[in-house]
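Breakdown of the fold
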Amino acid sequence: MTEVSVAKEDEAATGDLVVLKSVNKHFGALHVLQDIDLTIARGEVVVVIGPSGSGKSTLCRTINRLETIDDGSITIDGKPLPHEGKELARLRADVGMVFQSFNLFAHKTVLENVTLGQVKVRKKDKKAADERARALLDRVGVSAQAEKYPAQLSGGQQQRVAIARALAMEPKVMLFDEPTSALDPEMINEVLEVMQQLARDGMTMIVVTHEMGFARSAANRVVFMADGRIVEEASPDQFFSNPRSDRAKDFLSKIL
Ligand code: ADP
Ligand code: MG
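These figures come from a predicted structure and were not determined experimentally.

So, on to the overall build of the chain. The secondary structure content of the chain amounts to 9 helices and 10 strands. The C-alpha atoms of the chain give a radius of gyration of 18 Å, which matches the 18 Å a tight globule of 256 residues would have. Projected onto the principal axes, the alpha-carbon positions of the chain cover approximately 55 × 40 × 40 Å. Within the chain, the proportion of its 256 residues that are buried is 51%. Restricting the contact set of the chain to residue pairs at least 6 apart, pairs at least 24 apart contribute 68%. When the accessible surface of the chain is summed, it comes to about 11700 Å², and 48% of that surface belongs to carbon and sulfur atoms. Between the mean site of the 33 positive side-chain charges and the mean site of the 36 negative ones, the chain shows a separation of 4 Å.

Looking now at the sheet that holds strand 1 (residues 16-27). Spatially, 4 strands are ordered 2-1-4-5 in an open sheet, and the strand pairing comes out antiparallel. Looking at the sheet topology across the chains shown, the edges are occupied by strand 2 (30-41) and strand 5 (79-80).

The subject of this paragraph is the nonpolar core. General note: in soluble globular proteins, nonpolar side chains tend to be found buried as a group. In this structure, Leu137, Ile163, Met174, Phe176, Met195, Met205 and Phe239 are the most contacted members of the largest nonpolar core, which totals 51 residues. Considering each element in turn, this core owes the most residues, 8 residues, to helix 6 (residues 185-200). Setting aside anything within four residues of it in sequence, one finds Phe176 in contact with Val98, Ile163, Met195, Leu198, Met205, Ile206, Val207 and Val208. One finds Leu38, Ile40, Ile74 and Leu175 within the second-largest nonpolar core, a separate group that totals 27 residues.

With that settled, the discussion passes to the pattern of salt bridges. Inspection of the entire model under this criterion finds 17 salt bridges. As a salt-bridge pair, Asp77 and Lys172 come within 3.0 Å of each other at their nearest N and O atoms. Highlighted residues: Asp77 in the loop between strand 4 (71-76) and strand 5 and Lys172 in the loop between helix 5 (155-168) and strand 7 (173-177), separated in sequence by 95 residues. Bridged by salt links that share partners, the residues Arg42, Asp77, Asp94, Arg122 and Lys172 form one connected network.

Let us look at the site of ligand 1. Around ligand 1, the neighbouring residues are Phe27, Leu30, Val32, Pro51, Ser52, Gly53, Ser54, Gly55, Lys56, Ser57 and Thr58. Contacts to ligand 1 include Gly55, whose backbone N or O atom sits 3.0 Å from an oxygen atom. Taking Ser57, its side chain carries an N or O atom lying 2.9 Å from an oxygen atom of ligand 1. Contributions of two or more residues to the shell around ligand 1 are made by strand 2 and helix 1 (56-63). Of the residues in the shell around ligand 1, the class split is 4 nonpolar, 6 polar and 1 charged.

A word on the packing of aromatic side chains. Applying the stated criterion to the full structure yields 3 aromatic pairs. Pairing Phe224 with Phe251 gives two aromatic rings, centres 5.5 Å apart and planes at 50 degrees, and the pair type is tilted. Of this pair, Phe224 sits in strand 9 (residues 221-226) while Phe251 sits in helix 9 (residues 246-255), and the two are 27 residues apart along the sequence. Of the two residues examined, Phe224 and Phe251, each falls in the buried class.

The next thing to look at is helix 3 (residues 110-120). The complete set of buried residues in helix 3 reads Val110, Leu111, Asn113, Val114, Thr115 and Gln118. Where the residues of helix 3 are buried, they touch helix 4 (126-139) and helix 5.

Attention now goes to a negative patch on the surface. Together, Asp35, Asp37, Asp70 and Asp71 make up a negatively charged patch on the protein surface. With respect to the helices, strands and loops of the structure, Asp35 is situated in strand 2. Owing to a relative accessible area of 46%, Asp35 belongs among the partly exposed residues under this scheme.

Moving on, we get to the packing of helix 4 against helix 5. The interhelical angle for the contact between helix 4 and helix 5, taken along N-to-C directions, is 140 degrees, at an axis separation of 9 Å. By the angle between their axes, helix 4 is oblique relative to helix 5. In the packing of helix 4 onto helix 5, the handedness of the crossing is right-handed. Contacts between helix 4 and helix 5 involve Arg132, Leu136, Leu137 and Arg139 on the former and, on the latter, Val161, Ala164, Leu167 and Ala168. When grouped by side-chain class, the residues that make up the contact of helix 4 with helix 5 number 6 nonpolar, no polar and 2 charged.

Rules of the game
Residues numbered from 1 in each chain as written. Chains lettered and ligands numbered in written order. Predicted model: local features only at pLDDT ≥ 70, side-chain atom pairs only at ≥ 80, totals over all residues. Heavy atoms only, no water. Helix = DSSP H or I, 4+ residues; strand = E, 2+ residues; numbered from the N terminus. Rg over C-alpha atoms; globule rule 2.2 N^0.38 Å. Buried < 20%, exposed > 50% of the residue type's maximum accessible area, 1.4 Å probe, protein only. Contact = heavy atoms within 4.5 Å. Areas by Shrake-Rupley, 256 points an atom, 1.4 Å probe, with all protein chains shown as cover. Lys, Arg positive; Asp, Glu negative; His and termini not counted. Charge placed at Lys NZ, Arg CZ, Asp CG, Glu CD. Pairing = 2+ DSSP bridges. Core = buried A, V, L, I, M, F, W, Y, C linked by side-chain atoms within 4.5 Å. Salt bridge = Lys/Arg side-chain N within 4 Å of Asp/Glu carboxyl O. Near = heavy atom within 4 Å. Polar contact = N/O pair within 3.5 Å; in protein donor to acceptor, adjacent residues only side chain to side chain. Nonpolar A, V, L, I, M, F, W, Y, C, P; charged D, E, K, R; others polar. Phe/Tyr/Trp six-rings, centres within 6.5 Å; stacked < 30°, edge-to-face > 60°. Patch = residues over 30% accessible without salt bridge, like charges linked within 9 Å, V, L, I, M, F, W, Y side chains within 5 Å. Axes fitted to C-alpha atoms, helices over the stretch in contact; angles between N-to-C directions. Parallel < 35°, antiparallel > 145°, perpendicular 65-115°, else oblique. Left-handed = near helix turned anticlockwise from the far one by under 90°.

Here it is as structure tokens:
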């Protein structure tokens, strides 16, 4: 992999980067997030696991304001989430998100996918954006695909482009919502390896995944959700060998 900085160059900075306090959200009668308190330190890798429908995706989506919250507060780097306009676009750049379904711009080339936001939101000139894009595509192992369109790539390649696109914005934190769930089995590792490398490089990451191997090796902390609540938080070692709650024991017995 090529040397290209991905984390914001703010090395002296430490402390809490993402802070959720008493966050509640409803979808109609459904109380999808219930009194969520979650603090993520700079450089920390947090893996969120839990049964389907427990609110993991909604949690991720509130952090970059794809969903609003009913009450409570969310701050990124000490600042509350903006509501609209340019501030919101910058927030979305600061909080990179990678979805299960890749979500690349289908009518743009791979290279354009990775340069667009840099020029529009980060106001980089075209040449600098191109250089950064090519370095990132090289880093995630898809530089040979730069001039192709997303549909011409495998799922694993598309997901690595999606990661490069988010990284191009110099995010403060990266959210991954089941990034390997839609992939054929043989492509899962190529994506997990890119994420492992990112974790080793010090990126702050929130990762929703069922890949327990990744959780064990990359996570600093596991957050277990059920029915809209954080039921348990522990180190991966502690969580996998000695889950405290019945909900977590039950969940682990089904997936391990
Ligand atoms: P998870 O990612 O853990 O599977 P989600 O956050 O996607 O859970 O969903 C949590 C619950 O909220 C589910 O019951 C889901 O059906 C519901 N839900 C998610 N998005 C919406 C929405 N936009 N409108 C109504 N209900 C929703
Ligand atoms: Mg989900």
